[in-house]
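Structural description and commentary
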Amino acid sequence: MSRLLDRLIATEQADRAAARGIPVGCLAQVRRACDGKDAGPGAGRQAAAAVPGLVEQLTARELEILVLLAAGKSNQRIARELVVTLDTVKKHVSHLLGKLGAANRTQAVTRARDLGVIP
């Protein structure tokens, strides 16, 4: 099941028709649930897996947003998919930039890939 979800997430990120319309946030939540990491209330505040090279670790929600940023999603689209406000997404992106030592979204995604946080 985990492998199937990984393939669906990759397909959605590549914007292929097979997964079109399936929010990456939803797929990521199901994937975490398969791994035994429940995405219930407060899950966004829990730390994701420790990443060497980061002074302050990313939360599960920040990681989820990072995946959506890497997929080229706008803040507005991320807010819709995760059912949060635009200001909430902006705050998470701001935290991501700080934690990854990046000046913009592109640098954040590049740094995250270099650290092996995202594929």
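A brief report on the enclosed structure follows. What you are looking at is a predicted structure, and each value in this text was computed from that prediction instead of being measured.

It is worth spelling out the packing of helix α3 (residues 60–70) against helix α5 (residues 86–100) at this point. Following both chains from N to C, one finds α3 and α5 inclined at 90°, their axes separated by 10 Å at the closest point. Viewed along their axes, α3 and α5 adopt a mutual orientation that is roughly perpendicular. Contacts between α3 and α5 involve Arg61, Glu62, Ile65, Leu66 and Leu69 from the former and His92, Val93, His95, Leu96, Lys99 and Leu100 from the latter. In terms of residue class, the contact of α3 with α5 is made up of six nonpolar, two polar and three charged.

Moving on to the pattern of salt bridges. If the charged atoms of two oppositely charged side chains come close together, the side chains can form a pair. Under the counting rule described, the total for this entry stands at five salt bridges. Across the salt bridge formed by glutamate 62 and lysine 99, the nearest N and O atoms sit 2.7 Å from each other. In this pair, glutamate 62 sits in helix α3 while lysine 99 sits in helix α5, placing the two residues 37 residues apart along the sequence. The exposure class assigned to lysine 99 is buried, which follows from its relative accessible area of 15%. The salt bridge partner of arginine 77 is glutamate 81, with a shortest N-O separation of 3.1 Å. Of this pair, arginine 77 and glutamate 81 are both found in helix α4 (residues 75–82), four residues apart, which corresponds to roughly one turn of the helix. Among the charged side chains, a salt-bridge network with shared partners connects Glu56, Glu62 and Lys99.

The rules behind the values
Residues numbered from 1 in each chain as written. Predicted model: local features only at pLDDT ≥ 70, side-chain atom pairs only at ≥ 80, totals over all residues. Heavy atoms only, no water. Axes fitted to C-alpha atoms, helices over the stretch in contact; angles between N-to-C directions. Helix = DSSP H or I, 4+ residues; strand = E, 2+ residues; numbered from the N terminus. Parallel < 35°, antiparallel > 145°, perpendicular 65-115°, else oblique. Contact = heavy atoms within 4.5 Å. Nonpolar A, V, L, I, M, F, W, Y, C, P; charged D, E, K, R; others polar. Salt bridge = Lys/Arg side-chain N within 4 Å of Asp/Glu carboxyl O. Buried < 20%, exposed > 50% of the residue type's maximum accessible area, 1.4 Å probe, protein only.

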